[in-house]
Amino acid sequence: MQNIYGYTKEMLSDYFVNMGEKSFKATQVFEWLYQKRVSSFNEMTNIKKDVIEKLEKDFNTQMIKIVKKLETNDTHKYLFELSDKNYIEAVVMDHDYGSSVCVSSEVGCNMGCAFCESGRLKKQRNLETYEMVEQILLIEKDLNIRISSVVIMGIGEPFDNYDNVIKFLYIINDAKGLAIGSRHITVSTCGLVPKILEFANFPLQVNLAVSLHAAYDDLRDKLMPVNKVYKINELIAAIKEYYKKTNRRVTIEYVMLDSVNDSLDDAKKLVNLLKGLNVYVNLIPYNKTNTLNFKKTSKDRVLKFGKYLQDNNITVTIRKEFGKEIQAACGQLRSKEVRI
Ligand code: SAH
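Let me begin by describing the structure that accompanies this report. (Residues numbered from 1 in each chain as written. Predicted model: local features only at pLDDT ≥ 70, side-chain atom pairs only at ≥ 80, totals over all residues. Heavy atoms only, no water.)

### Quick word on the overall build of the protein
Put simply, the test is: Runs of H or I in DSSP of at least four residues are treated as helices and runs of E of at least two as strands, each being numbered from the N terminus. Using C-alpha atoms as the atom set, the radius of gyration is obtained and then compared with a globule rule of 2.2 Å times the number of residues to the power 0.38. For each residue, the accessible area found with a 1.4 Å probe, counting protein chains only, is set against the maximum for its type, and the residue is called buried under 20%, exposed over 50%, and partly exposed in between. Any two residues whose heavy atoms approach within 4.5 Å are treated as being in contact. Accessible areas in this description were obtained via Shrake-Rupley with a 1.4 Å probe; residue shielding takes into account the shown protein chains only. Within this scheme the basic residues Lys and Arg register as positive and the acidic residues Asp and Glu register as negative, but His and the chain ends are omitted. Charged groups are reduced to one reference atom each: NZ for lysine, CZ for arginine, CG for aspartic acid, CD for glutamic acid.
On a plain count of helices and strands, the protein comes out with 11 helices and 14 strands. For 340 residues, the compact-globule estimate of 2.2 N^0.38 gives 20 Å, and the protein sits close to it at 21 Å. For the protein, with 340 residues in total, the buried portion stands at 55%. For the protein, the share of sequence-separated contacts (at least 6 apart) that also reach a separation of at least 24 residues comes to 67%. Summed over all atoms, the accessible surface of the protein reaches about 15,400 Å², with 48% contributed by carbon and sulfur. The distance from the centre of the 49 positive side-chain charges to the centre of the 43 negative ones in the protein is 3 Å.

Written out as structure tokens, the structure reads:
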């Protein structure tokens, strides 16, 4: 039995065609699930009884569970329990333009970034597509809001769970699904080069962010073990290729770690590396964790670093901080709850 929330409209449409039904039934089911938010098949009143019986036999609508919620005035952090008792997190941030949600893509993570709490639990398994979709459905219900943008920046490396993430993107972007505009969706990767190249052929106009965090291999090797496999020059080449194919500017994420990657010399190296590339740089204030020994760069120093990039014609944004009080950085809540 499959969970219905893991099915894209196209998969559902194939399912109906295979049983000799019209493909538009998929649209009707999507409308019930995502617009009317009905979760039992027998409430889908415009669908014939025999088809409903078949749906009930083939699909379930089981939900993951919210087991904890921490909130400040503009941040809501959720801990979810999956049916196999694994835990994942999602964070909602209220902006003046709407609410964005940061979803998890895996249970744990194998990328082993030195400054990241999520990776302290090695990857246990991929998240199924329905487990990603349900993070959003449950949050929308709990807060009684519609989410306006989605970032895949929670626990996990989305490109290490590529196929499920792609299905998730189709479902949340579908006009009959969660109808979140592609430009309001961002996938963030630590730099799995072959997947960046594959993603260049993905038809939806979603945003890609790449976690760089260091402008030279020696340092990036230490901070992000993935760099031992895909060196910075290969990563930059992939970003160029991605831009050539999609014409979409990539966001370069750079977490500011005190005395590690935040000097003027680091800024110079970054400028040289990114020269001529059509990218944005997003400077991320480090979210201090209880267990890891990195320190946050002072605001002053972040501004200086940013100004240097800007003076050298690189578009820079500094990420607004949310949820410091509730340990909203990826992996922090799970890690507090579950001893590893
Ligand atoms: N695996 C993906 C997505 C998850 S992490 C990736 O690496 O991009 C999302 C972003 O948060 C990444 O840029 C990651 O490096 C960063 N990050 C991890 N821990 C952090 C912390 N404690 N404070 C600030 N940013 C952090």
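### Comments concerning the site of the ligand
The criterion, for reference: Being near a molecule or strand, for a residue, means having at least one of its heavy atoms within 4 Å of it. Each polar contact in these results corresponds to two N or O atoms within 3.5 Å; when the atoms are within protein, one needs to be able to donate a hydrogen and the other to accept it, and residues that are neighboring in sequence are counted only if both atoms are side-chain atoms. Each residue gets one of three labels, nonpolar for Ala, Val, Leu, Ile, Met, Phe, Trp, Tyr, Cys and Pro, charged for Asp, Glu, Lys and Arg, and polar for the others, Gly among them.
Around the ligand, a shell composed of 22 residues is seen, among which E157, S188, S211, H213 and N287 lie nearest. In the model, an oxygen atom of the ligand is placed 2.6 Å from a nitrogen or oxygen of the S211 side chain. For the ligand, the protein covers 94% of the area, taking 540 Å² as the surface of the free molecule. Here the residues of the shell around the ligand sort into 12 nonpolar, 8 polar and 2 charged.

### Some points on the side chain of K77
In this fold, K77 is placed in strand β4 (residues 75–81). Side chain to side chain, K77 and E89 meet in a polar contact 2.8 Å long.

### Topic: the pairing of strand β3 (residues 65–71)
Operational definition: Only when DSSP finds a minimum of two bridges between them are two strands counted as paired.
Bridging between β3 and β4 involves 6 bridges; their strand directions are antiparallel. By the bridge assignment, L70 is partnered in β4 with K77. Connecting β3 to the next strand, β4, in antiparallel fashion are 3 residues.

### Observations concerning unusual backbone geometry
With phi around 75 degrees, K85 is a residue other than glycine that occupies positive phi space. Inspection of the secondary structure assignment puts K85 in the loop between β4 and β5 (87–95). Its relative accessible area of 54% is what places K85 among the exposed residues.

### Quick notes on the side chain of E134
Within the element layout of this structure, E134 appears in helix α4 (residues 129–143). Apart from residues no more than four positions distant in its own chain, E134 is found in contact with N3, Y5, Q62, M63 and I64.

Nothing here speaks to function; it is all geometry.
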